[in-house]
Amino acid sequence: MAAWIILIERPDGRALTDRMGLDGVELVMAFEEEFGIAFTNAEAERIETVGKAIDVIFNKLQETDSVSAENLVLGAVARVSGERLENLDRSTRLDEVFSTEARWDQWDLLQQELGYEVVPGPRLPWALTLLGWCVVFLPIVLLWPRIGWGIIVGLAAGFSYWLLVQRFRCVLPLKGKRVGDLIKPVEKRLAKSREKQGLSRSEVRAETVEIIVEQLGITPEQCTDDARFIDDLGVG
């Protein structure tokens, strides 16, 4: 998942956009997993405090009753790709509706619309993945009489290789995928969301606070509605 962008109002009135690190990413993923929802960038930007997180989650749960997974996916693909909605169905191939020139930007927007657990990210070409395993195991084989050194050199070489090839993480998982492949995970998420739909705001608050406490290792007393994630709770 990409880093979570949160817009914070400082006491002096200036707006500051902060990029949250691993803590923020894991917290967002925990919210999405527990409540069966997905945050867009615009929604994430509104989540400055615990109270705003609760409000966004509660409001999103109320929206799920009138939405079908198929309509949600078809609408998202149409908006992102520019294809007419009547030309799309479950059998439509994704690599046919996403233009080659704008494919990266379109895929990123689709991830934001449907969630990162539904739309997978780019991956390494299989040849580079295979080469990476060779880089790790070759020193171990060559230095077998000194297996300890072989393991150390292999792991160091593998880590260096991993850093080097991150720029080549360029294969989007489009081949053979159809619109219908995105509908089933969305159906599962909506089903989970509908299970939580009857919760009151206080019940949503209790579950949200429980997640925050577990993820950040803080006390429930620190999770007031006005507590800011970065300034007060130390999310980085």
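For the structure itself, consult the block above.
This one's a predicted model, so the numbers in the text were calculated from it and none came from an experiment.

Draft legend 1. Molecular detail of the overall build of the protein chain. On a plain count of helices and strands, the protein chain comes out with 10 helices and two strands. What you see in the protein chain, going N to C, is helices and strands ordered as β-β-α-α-α-α-α-α-α-α-α-α. Going through the 236 residues of the protein chain one by one, you find that 39% of them count as buried. Long-range pairs, those at least 24 residues apart, make up 65% of the contacts in the protein chain between residues at least 6 apart in sequence. For the protein chain, the accessible area works out to roughly 13400 Å², and carbon and sulfur atoms hold 57% of it.

Draft legend 2. Seen up close, the side chain of Thr49. Summarising the element assignment, Thr49 is placed in the loop between helix H2 (41–46) and helix H3 (50–63). Residue classification places Thr49 among the buried residues on the basis of a relative accessible area of 10%. With near-sequence residues (within four places) excluded, Thr49 lies in contact with Asp225, Asp226, Ala227, Arg228 and Phe229.

Draft legend 3. Layout of a nonpolar patch on the surface. Judged by side-chain polarity, Leu138, Leu142, Leu143, Trp149, Ile152 and Val153 come together as a nonpolar surface patch covering roughly 610 Å² of accessible area. Listed by contribution, the elements that provide at least two residues to the nonpolar patch are helix H7 (126–142) and helix H8 (147–165). It is H8 that contributes the most residues to the nonpolar patch, three residues altogether. Along the polypeptide, Leu138 turns up in helix H7.

Draft legend 4. Region of the structure containing the environment of Val209. Residue position: Val209 is located in helix H10 (residues 201–216). For the pair Val209 and Val50, spaced 159 residues apart in the sequence, the C-alpha separation amounts to 8.0 Å. Once you skip the residues sitting within four places of it in the chain, Val209 turns out to touch Pro220 and Cys223.

Draft legend 5. Local environment of H3. The end-to-end C-alpha distance of H3 is 20 Å, a good match for the 20 Å that 14 residues give at a rise of 1.5 Å each. What H3 keeps buried is the set Val50, Gly51, Ala53, Ile54, Val56, Ile57, Lys60 and Leu61.

Draft legend 6. Molecular detail of the packing of helix H4 (residues 69–81) against helix H9 (residues 179–195). The interhelical angle for the contact between H4 and H9, taken along N-to-C directions, is 130°, at an axis separation of 8 Å. On the basis of their axis angle, the class for H4 and H9 is oblique. Judged by the sense of rotation from one axis to the other, the crossing of H4 with H9 is right-handed. In contact with Ala69, Glu70, Leu72, Val73, Leu74 and Val77 of H4, H9 contributes Val179, Leu182, Ile183, Val186, Glu187, Arg189 and Leu190. The residue inventory of the contact of H4 with H9, partitioned by class, reads 10 nonpolar, no polar and three charged.

Draft legend 7. The arrangement of the pattern of salt bridges in detail. Following the criterion strictly, the structure yields 12 salt bridges and no others. Several salt bridges converge on common partners, so that one network encompasses Asp55, Arg201, Arg205 and Asp225.

Draft legend 8. Up close: the environment of Ala191. With respect to the helices and strands, the residue Ala191 is situated in helix H9. Placed 155 residues apart in sequence, Ala191 and Gly36 show a C-alpha to C-alpha distance of 7.6 Å.

Draft legend 9. Summary view of the nonpolar core. Counting 26 residues, the largest nonpolar core has Phe39, Ile57, Ile212, Phe229 and Leu233 as the members making the most contacts within it. Of all elements in the fold, only helix H1 (22–35), H3 and H10 reach the threshold of two or more residues within this core. Sorting elements by how many residues they give to this core places H3 first, with six residues. The residues touching Phe39, leaving out its near neighbours within four places in the chain, are Val28, Phe31, Glu32, Ile47, Val56, Ile57 and Gln112. Among the nonpolar cores identified, the runner-up in size contains 21 residues, and Ala76, Phe98, Leu110 and Val118 belong to it.

Draft legend 10. The packing of H3 against H10, seen in detail. Closest axis-to-axis distance for the H3/H10 pair is 9 Å, and the angle between their directions is 125°. What the angle tells us is that H3 and H10 run oblique. Between H3 and H10 lies a crossing whose hand is right-handed. Where H3 abuts H10, its residues Val50, Gly51, Ile54, Asp55, Ile57, Phe58 and Leu61 lie against Arg201, Val204, Arg205, Thr208 and Ile212.

What counts as what
Residues numbered from 1 in each chain as written. Predicted model: local features only at pLDDT ≥ 70, side-chain atom pairs only at ≥ 80, totals over all residues. Heavy atoms only, no water. Helix = DSSP H or I, 4+ residues; strand = E, 2+ residues; numbered from the N terminus. Buried < 20%, exposed > 50% of the residue type's maximum accessible area, 1.4 Å probe, protein only. Contact = heavy atoms within 4.5 Å. Areas by Shrake-Rupley, 256 points an atom, 1.4 Å probe, with all protein chains shown as cover. Patch = residues over 30% accessible without salt bridge, like charges linked within 9 Å, V, L, I, M, F, W, Y side chains within 5 Å. Salt bridge = Lys/Arg side-chain N within 4 Å of Asp/Glu carboxyl O. Expected span 1.5 Å × (residues − 1). Axes fitted to C-alpha atoms, helices over the stretch in contact; angles between N-to-C directions. Parallel < 35°, antiparallel > 145°, perpendicular 65-115°, else oblique. Left-handed = near helix turned anticlockwise from the far one by under 90°. Nonpolar A, V, L, I, M, F, W, Y, C, P; charged D, E, K, R; others polar. Core = buried A, V, L, I, M, F, W, Y, C linked by side-chain atoms within 4.5 Å.

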